[in-house]
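Geometric and topological summary
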Amino acid sequence: MQQEKLAIHGGAPVKTTPYGSGKRFGLEEAKELLEALDQNTLFYHQGKKVKQFLRDFGELYGVKYSVAASSGTAAIHVALGAAGVTVGDEVVTGPITDQGTLIGILYQNAVPVFADLDPNTYGLDPSSIESRITSRTKAIVVVHLAGNPCDMDPIMDIARRHGLKVIEDCAQSYMTRYKGRLVGTIGDYGCFSTNDFKHMSTGDGGMVLVNSGDEADYQRTHAFADKNYMRFESTVVRDLSYLAPNYRMTELQGAVGIAQLKKLPLVCERRHSYGDRLTAGIADLPGIAPHRVADGNYGTYWFYMLRVDEAALGCTRDQFSEALKGEGVSNGAGYIKQAVYMQPLFQRKTAYPGSHFPFELYDVDYKEGLCPEAEAILRTAIVIPVNEFYTDTDLADTITGIRKVALHFGNKEGREA
Ligand SMILES: *Cc1c(COP(=O)(O)O)cnc(C)c1O
């Protein structure tokens with residue numbers, strides 16, 4: 001078969017036009033911001049913007065109670081606090097994630113325990129979660145990675161059988177659906193981030209959905225984001241009964257959030273379509289495992305992550321990545337370099353300088369090989385960026401580029417030529 005010469009070998013690159021781009025913020029956000037300033041207060045309890053933002057978000061998700069926070073990390077910490085996670089508890093979570101998933105666990109002086117992932121959806125493997133449960137386990141923090149839902153039915157079943165709280169980390173998964181249901185509404189709490197890199201941005205910020213619909217649960221969650229203050233309608237209670245941080249959202253973030261929420265469904269639809277069409281364009285390629293979204297689920301692709309079968313292609317993941325870059329197709333070799341438990345904090349067991357607390361409470365070990373599927377994913381993954389402004393040309397070029405590189409390496413004669 002005639003092989004097209006790779007760009008890195010002097011051939012013509014596939015992609016010759018710049019990626020589509022656009023403005024995320026406009027007059028809609030500016031109008032809300034001016035109104036916020038005109039209130040003469042930027043404090044959430046006195047202003048209207050954060051309240052409106054939470055109402056709109058709750059409406060979009062069909063959830064009555066939600067709480068605002070200063071970041072996604074903060075939102076997860078707030079949910080852990082509301083769930084009653086405390087000193088010496090164990091919390092099961094995923095090893096491929098942002099450290100924001102883990103920070104709240106350690107600030108509660110609880111111990112993160114890592115379960116392995118599905119090799120193709122990159123969601124937490126329910127049987128691995130169950131194998132990690134001990135008498136000390138209090139909660140599961142489920143990470144819906146890259147806009148793809150975890151397998152929530154078996155996870156909720158395991159949690160209920162063991163009496164565990166489920167916190168969903170939806171920082172990368174807006175409008176993502178599991179069997180028709182929005183992720184973030186399935187566990188006890190759904191946590192979101194509005195940092196500048198997510199599907200929607202308020203600069204920084206976060207939200208917690210309180211799915212029980214229980215008022216006392218809501219009040220606990222609300223208080224944990226506000227120094228344990230209970231600020232409701234007319235009453236303010238400031239009794240300090242336990243430690244709670246100040247993770248309040250300001251009216252400025254709430255204002256921008258109101259405008260951003262209106263754009264969110266279209267952003268998610270575009271990313272969904274881009275990712276699914278990318279899969280359709282490369283699904284038949286030998287040696288390439290597309291980013292799998294299980295049947296009946298709806299992915300909103302915060303990024304697209306395929307895997308390279310190095311043996312079948314006869315090249316390394318890094319060689320594939322370099323060749324694809326040569327074709328003008330943006331990509332990165334891997335998402336994070338190593339499973340999060342390989343970070344110095346876990347290897348040295350020092351969450352707090354000069355201390356091994358809370359790790360020293362138990363015989364925990366964060367060694368290589370702890371989550372073999374997750375480690376294999378990170379060794380063989382190629383991350384393809386997805387953006388709502390990318391065009392059909394960008395998609396077609398990405399597909400053509402991946403096909404060209406995969407067929408070049410996969411074809412022995414082509415390789416030797
Ligand atoms: C972004 C992110 C967070 C943390 O959000 P921040 O707003 O940056 O604190 C947590 N978990 C995951 C999976 C994320 O992608």
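Residues numbered from 1 in each chain as written. Predicted model: local features only at pLDDT ≥ 70, side-chain atom pairs only at ≥ 80, totals over all residues. Heavy atoms only, no water.

What follows deals with helix H4 (residues 100-107). Most of H4 is tucked away, with six of its eight residues classed as buried. Residues of H4 that are buried: Gly-100, Thr-101, Leu-102, Gly-104, Ile-105 and Leu-106. Next to the buried residues of H4 lie helix H3 (72-82), strand E2 (90-93), strand E3 (111-114), strand E4 (137-143), strand E5 (165-169) and helix H11 (344-347). Within two residues after H4, Asn-109 carries a phi angle of roughly 60°, on the positive side. (Buried < 20%, exposed > 50% of the residue type's maximum accessible area, 1.4 Å probe, protein only. Helix = DSSP H or I, 4+ residues; strand = E, 2+ residues; numbered from the N terminus. Contact = heavy atoms within 4.5 Å.)

The subject of this paragraph is the sheet that holds strand E8 (residues 189-193). As summarised here, the arrangement of the seven strands in space is E1-E9-E8-E5-E4-E2-E3, forming an open sheet in which the pairing is mixed. Edge strands, defined here as strands with exactly one partner in the open sheet, are strand E1 (65-69) and E3. Sheet twist, expressed as the mean angle between neighbouring strand axes with direction ignored, is 25°. As defined by bridge partners, E2 adjoins E3 across four bridges and the pair is classed as parallel. Along E3, the bridge assignment pairs Val-91 with Pro-112. Together, E1, E8 and strand E9 (206-210) form the strand contacts of helix H2 (residues 49-61), whose direction differs from that of E9 by roughly 55°. (Pairing = 2+ DSSP bridges. Axes fitted to C-alpha atoms, helices over the stretch in contact; angles between N-to-C directions.)

Turning to helix H8 (residues 251-282), a few remarks are in order. Taking 1.5 Å of rise per residue, 32 residues should cover 46 Å, and H8 covers 45 Å from first to last C-alpha, within 8% of that figure. Maximal helix bending in H8 amounts to about 40°, located at Lys-263; proline Pro-265 follows within four positions. (Expected span 1.5 Å × (residues − 1). Bend = angle between axes of the 7 residues up to and from the residue.)

Working definition: the strands of a sheet are paired by backbone hydrogen bonds and lie parallel or antiparallel to each other. Strands sit in the order E12-E13-E15-E14 across an open sheet of four strands; the sheet is antiparallel. Two strands in the sheet have a free side with no partner beyond their single neighbour: strand E12 (288-289) and strand E14 (332-333). H8 rests against E12, strand E13 (303-308) and strand E15 (381-385) of the sheet, and its axis sits at about 20° to E13.

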